[in-house]
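Chain by chain, the residues:
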Amino acid sequence: MAAPTFRFDVQAGGVATIFMDVPGEPVNTLRPDFEEELSGILSRLDGDAQVKAIVFASGKPDSFIVGADVSMFTRIRTQAEATALSRGGQQAMERLEELSRRKPVVAAIHGPALGGGLEVALACASRIATDDRRTQLGQPEVQLGVIPGAGGTQRLPRLVGIAQALDLILTGKSVRAAKARKLGLVDEVVPKAILLEVARKRAAELAGGKPVHRREVMRPQALQEVALEDNPIGRRFLFHEARKSVRKRTRGHYPAPEKALEAVRIGIEEGAEAGYRAEAERFGELVVGEVARHLVEIFFATQELKKDTGVDDRSVKPGKVEKIGMLGAGLMGAGIAYVAAEAGIVVRLKDRDDAALGRGLRQIAGVLDERVKRKRLTFREREEKLALVPGTTDYSGFKSCDVVIEAVFEDLAVKQTTLKEVEREAPSAIFASNTSSIPIGRIAEAAQRPEKVIGMHFFSPVDKMPLLEVIRARGTDAQTVATVVALGKRIGKTVIVVNDGPGFYTSRILGPYLNEASWLLLEGVAVDEIDSALVDFGFPVGPLQLLDEVGIDVGSKVAHIMRDAFGDRMKPPEGFERIAASGRLGRKAKKGFYRYEGVAKGEKTVDESVYELLGGVRRGSIPREEIAERCVLQMVNEAAYCLGEGILRSPRDGDVGAIFGLGWPPFRGGPFRYADSLGTSRLVERLDAYRARFGMRFQPAPLLSEMARTGGKFHDRSGGSVRRASS
């Protein structure tokens, strides 16, 4: 017989405490048997005359309830099944709420109370949370392509107001306990040590007839919100503006926020019963949709990667990393130093002179200051983290480093010289290069210990971009890989391991994508038309704006590396190098494809003189669908080349790398999921059509052609990757 999820005790005074503790799991989730088990425990307490009030708490040390068990979604086949699942969750919460009217239930929240976890708390009479940094409350369902399905779209607006509820539900963001109290989402915030004591006391008071004390917090916008929400015209305006904001943000690609908005509106305008029905129907519709399916697949891929050591031999254990050496205090170096310090790791930061070092330290201090301003850190914590990054202009202090990461100039000779210096000054350290394109094996040719040389490709800005691409050269040993992968996870990154080659995986598939945009520009398509077509496809920015952000000079350098490695298939268009040669380096030089000077902060305008620089190309028009398709097919095709050549270990890693490193639209699932959705035969057919027009750069990857012939897919129906290269 399986161990029960719920247990309870009854204290003197008639206050029972329910502890939820899903057996064998590190955190609590709402599983298929939750409704039945909860109903059973509530019935026992309801029928116990000794019990006057109840506290609902978690039996886990650092987690309340993190939400529904997402694996349930993968087993649902029909909309009716998904709607029934939502209805079951709603009934469980209704049973809890109904009992709470007779025997008040107080939610004692420590750790994440997310999704279904927050819906449990909302059904209680009162909520008390700890002031611990791990305590967060939110409805993140839209991030998985669905909406709250157990009453969240109905109870949350009634508790905190429509505007504040929409801000949480439509974005999926979470708030810490102090902010939750200001919103009225929780009634008290207390230290963890006295959480149960205070919750039991409040439950007894509620049972004795004392009302819940909710502190009124007059936020600056509170009066305006009340004015809007308390009358039909105001509410109509509020929902109209929310819908407009959602459509602008999602561009119609993500249906969940708009469906959530509909459920909230129906509940407010037509009553709770209609609202719950609308919530369940829309939940059911979304769960079986393609967007939710892709987002759930990505979720599971990232969960799998958390368990992946990066090597196939499970007996290989990572080495201990207590101190990192960071060479280069520029944008990337300072960013890497910051995320390491944030994880509590000592970082010795080196640059060539005090001025360069000072700029890097100021960059780190600036990120910490912003976190203090947003109340994510105290000033004392800011000082402690900054103290973890001592600076230097020489190699003093490097001998004790476990890993040394270089982010110096992107030049093979410079990196090999740096490697020799590190081997001399930090003889036992792993040497990791942050190169974005130079093969690690080439850098390691200068090494005395090539087994300790590896690539750690971070993405800018480092504190915001979640991906770390670890590159294993032919001579890199397994423990070096395992150590760097463990380090990457420790500093909060989603880590993929790829094998060595020019451009590795991410830079390699980005190259032909950007290259095709360049060809389109030379064919006369306007800069903003190209970018707009790809943003409409789902990318956060277009390829030419991305080149401006990365640096046109950097892009040009990488393009030549790709051309040297792969020949005419990656040949850039003639004359394109004139852009970088003219000093148009992108945003850092205030001019590129766009102008950044003389415009409002954060804005840009196309620099029309670019067209003259390219030889006065005749402006033409190409359908937006073709613009997007040509660029996207280049990326998908190159991803197939990488998998076929063994650069990638699996399609899973390829999808995650493109989404978290390059901004591939998550709702499309990644290059390999996209290929499966489109069909490999259709994909090859389109590539062949473009090859007939434009030549070898659209040559289908051999693996893609093979799969088109056999009707194969990159992912099997259960969500796993069917092809995997050994590492």
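Remember, predicted model here, so these are calculated numbers, not experimental data. Counting starts from 1 at the beginning of each chain's written sequence and moves along it residue by residue. For this predicted model, a pLDDT threshold of at least 70 governs which residues receive local features, and a threshold of 80 or more governs which side-chain atom pairs are given and counted, while totals over whole chains, interfaces and linings are taken from all residues. Values shown for side chains rest on all heavy atoms present in the structure; no hydrogens or waters enter the calculation.

## Focus on the overall build of the protein chain
Within the protein chain, the secondary structure is distributed over 30 helices and 19 strands. A compact globule built from 727 residues would reach a C-alpha radius of gyration of about 27 Å, and the protein chain, at 28 Å, matches this within 12%. Note on classification: 1.4 Å probe, protein chains only; a residue is buried when its accessible area is under 20% of the maximum for its type, exposed when over 50%, partly exposed between these limits. Per-residue burial over the protein chain gives 55% buried out of 727 residues. Taking the contacts inside the protein chain whose residues are at least 6 apart along the sequence as the reference set, 73% of them involve residues at least 24 apart. Only the protein chains shown count as covering a residue, and every accessible area follows the Shrake-Rupley method with a 1.4 Å probe. Total accessible area computed for the protein chain in this model is approximately 31000 Å², and 52% of it derives from carbon and sulfur atoms. In this tally, Asp and Glu contribute negative charge and Lys and Arg positive charge; neither His nor the terminal groups of the chain are included. Taken as the charge location is NZ of Lys, CZ of Arg, CG of Asp or CD of Glu. Within the protein chain, the 97 negative side-chain charges are centred at a point lying 2 Å from the centre of the 107 positive side-chain charges. Numbering of helices and strands runs from the N terminus, with a helix taken as a DSSP run of H or I at least four residues long and a strand as a DSSP run of E at least two residues long. C-alpha atoms define the radius of gyration, and 2.2 Å times the number of residues to the power 0.38 defines the globule rule. Any pair of residues with heavy atoms lying within 4.5 Å of one another is described as a contacting pair.

## Things to note about the packing of helix H26 (residues 624–644) against helix H30 (residues 702–710)
Where helices are involved, their axes are fitted lines through C-alpha atoms of the stretch in contact, as for all axes, and angles between N-to-C directions lie from 0 to 180°. Their axes nearest at 7 Å, the elements H26 and H30 cross at an angle of 95 degrees. Between H26 and H30, the angle is such that the two are roughly perpendicular. For the pair H26 and H30, contact is made by Asn637, Ala640, Tyr641, Leu643 and Gly644 and by Pro702, Leu703 and Leu704, respectively. Throughout, the ten residues Ala, Val, Leu, Ile, Met, Phe, Trp, Tyr, Cys and Pro are labelled nonpolar, Asp, Glu, Lys and Arg are labelled charged, and all others, Gly among them, are labelled polar. The residue inventory of the contact of H26 with H30, partitioned by class, reads 6 nonpolar, 2 polar and no charged. Any angle from 65 to 115 degrees is called roughly perpendicular, while one under 35 is roughly parallel, one over 145 is roughly antiparallel, and all others are oblique.

## Details of the confidence of the model for the protein chain
How sure the predictor is of each residue is captured by pLDDT, a score from 0 to 100. Scored by pLDDT, the protein chain has a mean of 93; 95% of the residues are at 70 or more. pLDDT under 50 marks residues 723–727. Its contacts with residues more than four places away, or in other chains, come to 23 contacts.

## Some details on the packing of aromatic side chains
Geometry of aromatic contacts follows a simple scheme: Phe, Tyr and Trp rings, the Trp one being its six-membered ring, pair when their centres are within 6.5 Å, and the pair is stacked under 30 degrees between planes, edge-to-face over 60, tilted otherwise. For the coordinates displayed, the defined rule picks out 17 aromatic pairs. Consider the rings of Phe694 and Phe698, whose centres lie 6.0 Å apart with planes at 40 degrees: the pair is tilted. Two conditions define a charge sitting above a ring: the NZ of Lys or the CZ of Arg must be within 6 Å of the ring centre, and it must be within 35 degrees of the ring normal. Note that Lys350 overlies the ring of Tyr395, its terminal NZ or CZ placed 4.8 Å from the centroid. If you follow Arg668 out to its NZ or CZ, it ends over the ring of Phe537, 3.9 Å from the centre.

## Let's talk about unusual backbone geometry
In this chain, Ser460 is followed by Pro461 through a cis amide linkage whose omega measures -5 degrees. Within the element layout of this structure, Pro461 appears in the loop between strand E15 (453–458) and strand E16 (467–472). Positive phi outside glycine occurs at Lys375, with the angle close to 65 degrees. Considering the arrangement of structural elements, one finds Lys375 in the loop between helix H15 (354–373) and helix H16 (379–386). Lys375 sits in the exposed class, given a relative accessible area of 65%.

## Regarding the sheet that holds strand E5 (residues 113–114)
A pair of strands counts as paired when DSSP detects no fewer than two bridges linking them. Reading across from one edge, E5-E7-E8 is the order of the 3 strands in this open sheet, with mixed pairing throughout. One side of each edge strand has no neighbouring strand; the edge strands of this open sheet are E5 and strand E8 (174–176). Both E5 and strand E7 (residues 136–138) contribute to a ladder of 2 bridges, which runs parallel. Within E7, the position partnered with Ala113 by the bridge is Leu137.

## As for the packing of helix H5 (residues 152–160) against helix H11 (residues 256–270)
The description of two packed helices rests on the angle between their axes and on the distance between the axes. Taken N-terminus to C-terminus, the directions of H5 and H11 make an angle of 60 degrees; their axes are 9 Å apart at the nearest point. Considering only the axes of H5 and H11, their crossing is right-handed. Contact residues: H5 offers Thr153, Gln154, Pro157 and Arg158, while H11 offers Ala263, Val264, Gly267 and Ile268. By residue class, the composition of the contact of H5 with H11 is 4 nonpolar, 3 polar and 1 charged. Helix crossings fall into two classes, left-handed where the near helix is turned counterclockwise from the far one by less than a right angle and right-handed where it is turned clockwise.

## Re the pattern of salt bridges
Salt bridges are counted wherever a side-chain nitrogen of Lys or Arg sits within 4 Å of a carboxyl oxygen of Asp or Glu. In the structure shown here, the tally under the stated rule is 61 salt bridges. One salt bridge connects Asp351 with Arg352, and the closest N-O pair in it is separated by 3.7 Å. Here Asp351 falls in the buried class, since its relative accessible area comes to 12%. Among the salt bridges present, the one from Glu516 reaches Arg697, with a minimum N-O distance of 2.7 Å. With Glu516 in helix H20 (residues 506–522) and Arg697 in the loop between helix H29 (680–694) and H30, this pair connects stretches of sequence that are 181 residues apart. Neither Glu516 nor Arg697 differs from the other in exposure class; each is buried. Several salt bridges share partner residues, and in doing so they unite Glu516, Glu523, Glu626, Arg630, Arg693 and Arg697 into one network.

## Section: the pairing of strand E10 (residues 323–327)
Among the 5 residues that make up E10, 5 are buried, leaving the element largely enclosed by the rest of the structure. Burial along E10 is two-sided: the face carrying Lys323, Gly325 and Leu327 and the face carrying Ile324 and Met326 are both buried. The pairing of E10 with strand E11 (residues 346–350) spans 5 bridges and is parallel. Along E11, the bridge assignment pairs Ile324 with Val347. With helix H14 (residues 331–342) bridging E10 and its parallel neighbour E11, the resulting β-α-β unit is right-handed. Across 4 bridges, the pairing between E10 and strand E13 (residues 403–406) is parallel. By the bridge assignment, Leu327 is partnered in E13 with Glu406. Here a crossover is taken to be right-handed if, once the strands point away from the viewer, the path from the first strand over the helix to the second is traced clockwise.

## Thoughts on the environment of Leu122
Tracing the chain through its elements places Leu122 in helix H4 (residues 116–122). A relative accessible area of 7% means that Leu122 is categorised as buried. For the pair formed by Leu122 and Gly152, sequence separation is 30 residues and the distance between their alpha carbons is 7.7 Å. Leu122 has contacts with Arg127, Gln139, Gly152, Arg155, Leu156, Leu159 and Leu185, leaving out every residue within four places of it along the chain.

## Quick word on the state of the cysteines
By disulfide we mean two sulfur atoms from cysteines, separated by a distance within 2.5 Å. Counting across every chain of the model gives 0 disulfides. Free cysteine: Cys642, not disulfide-bonded; nearest cysteine sulfur from Cys631 at 17 Å. Taking the relative accessible area as the measure of exposure, Cys642 reaches 0% and is therefore buried.

## Considering helix H8 (residues 195–207)
Working rule for helices: expected span equals 1.5 Å times residues minus one. Here H8 is 13 residues long and its end C-alpha atoms lie 18 Å apart, about the 18 Å a rise of 1.5 Å per residue gives. Against the buried residues of H8 lie strand E1 (6–11), strand E2 (15–20), strand E3 (53–58), strand E4 (105–109), strand E6 (126–130) and strand E9 (188–190). Backbone geometry just after H8 places Gly209 at a positive phi near 100 degrees.

## Examining the nonpolar core
To qualify as a nonpolar core, a set must consist of buried Ala, Val, Leu, Ile, Met, Phe, Trp, Tyr and Cys residues joined through side-chain atoms within 4.5 Å. Within the largest apolar cluster, 94 residues are counted, with the highest numbers of intra-cluster contacts made by Tyr505, Leu521, Leu534, Phe593, Trp664 and Phe714. Counting residues per element, this core draws most heavily on H26, at 12 residues. Other than its neighbours up to four places away in sequence, Leu534 contacts Tyr513, Phe539, Gly542, Pro543, Ile627, Ala628, Cys631 and Val632. Judged by nonpolar contacts, the second largest core, of 70 residues, contains Val175, Ala260, Leu286 and Val287.

## Section: the sheet that holds strand E14 (residues 430–433)
Across the sheet, which stays open at both edges, the 8 strands sit in the order E12-E11-E10-E13-E14-E15-E16-E17 with mixed pairing between neighbours. If you trace the sheet from one side to the other, it starts and ends with strand E12 (391–392) and strand E17 (494–499), each paired once. Bridge analysis of E11 against E12 gives 2 bridges, and the strand direction is parallel. Looking across to E12, one finds that Lys350 is bridged to Thr392.

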